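Here are the chains, one letter per residue:
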Amino acid sequence: MAIEAEETPPVQEEHEVVPLKPQEIFHIGRFTVTNSMLVTWIVAAGLIVFAQSATRNIKPIPDGKQNFWEWLVESLYNFLESVIGSELVRKTFWFFATIFIFILFVNWFGLIPGVGTIGWGHYDPNGVFHVDRPLLRGGNADLNMTFAMAAVFFVLWIYWALQAQGPGGLILHLFGPKGESKGFMKLVMIVIFFLVGLLEIVSILFRPVSLSFRLYGNIYAGENMLEVMSNLVPSLSWLIPIPFYFMELLVGIVQALVFMLLTAVFTLLIAQHEPGHEAHH
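Not measured: the values here are computed from a predicted model.

What counts and what doesn't
- Residues numbered from 1 in each chain as written.
- Predicted model: local features only at pLDDT ≥ 70, side-chain atom pairs only at ≥ 80, totals over all residues.
- Heavy atoms only, no water.
- Patch = residues over 30% accessible without salt bridge, like charges linked within 9 Å, V, L, I, M, F, W, Y side chains within 5 Å.
- Areas by Shrake-Rupley, 256 points an atom, 1.4 Å probe, with all protein chains shown as cover.
- Salt bridge = Lys/Arg side-chain N within 4 Å of Asp/Glu carboxyl O.
- Helix = DSSP H or I, 4+ residues; strand = E, 2+ residues; numbered from the N terminus.
- Buried < 20%, exposed > 50% of the residue type's maximum accessible area, 1.4 Å probe, protein only.
- Pairing = 2+ DSSP bridges.
- Expected span 1.5 Å × (residues − 1).
- Contact = heavy atoms within 4.5 Å.
- Axes fitted to C-alpha atoms, helices over the stretch in contact; angles between N-to-C directions.
- Parallel < 35°, antiparallel > 145°, perpendicular 65-115°, else oblique.
- Nonpolar A, V, L, I, M, F, W, Y, C, P; charged D, E, K, R; others polar.
- Phe/Tyr/Trp six-rings, centres within 6.5 Å; stacked < 30°, edge-to-face > 60°.
- Lys NZ or Arg CZ within 6 Å of the ring centre and 35° of its normal.
- Left-handed = near helix turned anticlockwise from the far one by under 90°.

Student: What's the story with a nonpolar patch on the surface in this structure? I'm lost.
Tutor: A grouping of Val 228, Leu 232, Val 233, Leu 236, Trp 238, Leu 239, Ile 242, Phe 246 and Leu 249 is seen on the molecular surface, where their side chains present a nonpolar patch of about 820 Å² in accessible area. Of all the secondary structure elements, the ones that give two or more residues to the nonpolar patch are α5 (183-232) and α6 (242-271). Ranked by residues supplied to the nonpolar patch, first place goes to α6 with three residues. Tracing the backbone shows Ile 242 in helix α6. The exposure class assigned to Ile 242 is partly exposed, which follows from its relative accessible area of 35%.

Student: I tried to follow the pairing of strand β2 (residues 24-28) on my own but got confused; where do I start?
Tutor: Looking along a regular strand, one sees the side chains alternate between the two faces of the sheet. Pairing geometry for β2 and strand β3 (residues 31-34), over four bridges, is antiparallel. Directly across from Ile 28, in β3, lies its bridge partner Phe 31. Where β2 folds back on β3, the antiparallel hairpin that results is connected by two residues, among which Gly 29 adopts a positive phi of roughly 65 degrees.

Student: I tried to follow helix α1 (residues 35-55) on my own but got confused; where do I start?
Tutor: Given 3.6 residues to a turn, an α-helix orients residues that are three or four positions apart in the same direction. A rise of 1.5 Å per residue sets the reference length of α1, with its 21 residues, at 30 Å; its end C-alpha atoms lie 31 Å apart and thus fit the reference within 8%. Every buried residue belonging to α1 is among Asn 35, Ser 36, Leu 38, Val 39, Thr 40, Val 43, Leu 47, Ala 51 and Ala 54, and all of these are buried. Here the buried face of α1 lies against β2, β3, α2 (64-84), α3 (86-109), β5 (129-134) and α4 (143-175).

Student: It is not clear to me how the packing of α3 against α4 should be interpreted in this structure. Could you clarify?
Tutor: A pair of packed helices is captured by two measures, namely the crossing angle of their axes and the spacing between those axes. Where α3 contacts α4, the axes come no closer than 12 Å and their chain directions differ by 170 degrees. As the angle between them shows, α3 and α4 are arranged roughly antiparallel. Of the residues in α4, those in contact with Lys 91, Thr 92, Trp 94, Phe 95, Phe 96, Ile 99, Phe 102 and Ile 103 of α3 are Met 145, Met 149, Val 152, Phe 153, Leu 156, Trp 160 and Gln 163. For the contact of α3 with α4, the per-class residue count stands at twelve nonpolar, two polar and one charged.

Student: Explanation requested: the environment of Ile 158 in the structure shown.
Tutor: Mapped onto the secondary structure, Ile 158 falls in helix α4. Looking at Ile 158, the relative accessible area reads 33%, which means it is partly exposed. A sequence separation of 25 residues divides Ile 158 from Arg 133, and the C-alpha atoms of the two residues are 39 Å apart.

Student: Would you take a moment to explain the pairing of β5 for this structure?
Tutor: Looking at chain direction, strand β4 (residues 119-123) and β5 are connected through five bridges and run antiparallel. Bridge pairing links His 122 to His 130 in β5. Connecting β4 to the next strand, β5, in antiparallel fashion are five residues, including Gly 127 with a positive phi near 85 degrees.

Student: Which parts of the structure should I look at to understand the packing of aromatic side chains?
Tutor: Given two aromatic rings, one states the distance between the centres and the angle between the planes to describe the pair. For the structure shown, the criterion picks out 14 aromatic pairs. Ring centres 6.0 Å apart and planes at 75 degrees place the aromatic pair Phe 50 and Phe 68 in the edge-to-face group. Here Phe 50, found in helix α1, pairs with Phe 68, found in helix α2; they are 18 residues apart in sequence, far enough to count as distant. Looking at Phe 50, the relative accessible area reads 25%, which means it is partly exposed. Geometrically, the ring pair formed by Phe 105 and Trp 108 is edge-to-face, given 6.0 Å between the ring centres and 80 degrees between the ring planes. Placement of the pair is Phe 105 and Trp 108 together in helix α3, with a separation of three residues, close to one helical turn. By relative accessible area, Phe 105 is classed as partly exposed at 26%. Assessed through its relative accessible area of 28%, Trp 108 is described here as partly exposed. Members of the aromatic cluster, connected to one another through ring pairs, are Trp 94, Phe 95, Phe 96, Phe 153, Trp 160 and Phe 266. Directly above the ring of Trp 120 sits Arg 133, whose terminal nitrogen or CZ lies 4.6 Å from the centroid. One Lys or Arg, Arg 207, reaches over the ring of Phe 266 and ends 4.0 Å from the middle of that ring.

Student: Would you explain the packing of α1 against α3 in this entry?
Tutor: α3 packs onto α1 with a crossing angle of 125 degrees between their chain directions and a minimal axis gap of 10 Å. The orientation of α1 with respect to α3, classified from their angle, is oblique. For the pair α1 and α3, the sense of crossing is right-handed. Seen from α1, the contacting residues are Val 39, Thr 40, Ile 42, Val 43, Ala 44 and Leu 47; seen from α3, they are Ile 101, Phe 102, Phe 105, Val 106 and Phe 109. For the contact of α1 with α3, the class distribution of residues is ten nonpolar, one polar and no charged.

What follows is the structure, encoded as structure tokens:
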């Protein structure tokens, strides 16, 4: 389907892969709005409206939208509580639940027919329309989006770490020797765990990069796979991608779950205390 046709570019021998970057749609002053950004706004607005309508009139016996929303939130809470414990989940659930629900529905929205296939493009010599600049594209197919979510977690991780350990406790947690040792072995362990602490700092700084590229890479790979399957046999372009759509539905859940679990476990590792030490309140 087409919204508008642009000037016909030179005919290419091979079909182009999905672009790495989202395309610009329009500008608001110096602010650029891309097709991936537009999808994130639509999904965020949809989730806010749905949550508001589902919880506007709370009933003792939920039904309809309220029943679904309570089931989703309660299931996530119980699952996270079994992973990171009741004390930590009370402080952090708002973020982990939000990030899971948002990533999941952004991933699934990108699979709706029309996303990536409606936009501006050109007709080839055979009269077939090719979309060069889609109106909508999956929100997590934009590395800026995935890195922004990872960066927000990184800031919150620092806050939760300082809240749980304190500045001194955080340094001791990273660099302090573990276990009991005496004499020369104690000095050796101090040096070893100091070096381990330096490696841990590098690992912590690299986490936003790994989180963002993992999510972006899987979504972008899924886009390319669906694009290839759709163009493999033009006469069967409506049939061949169907099994892969179901696989991408599963990938959407898995990637949302992986992002949430990794951030939750990273938080648990820094917030937990050594055996025999009481938590600092």
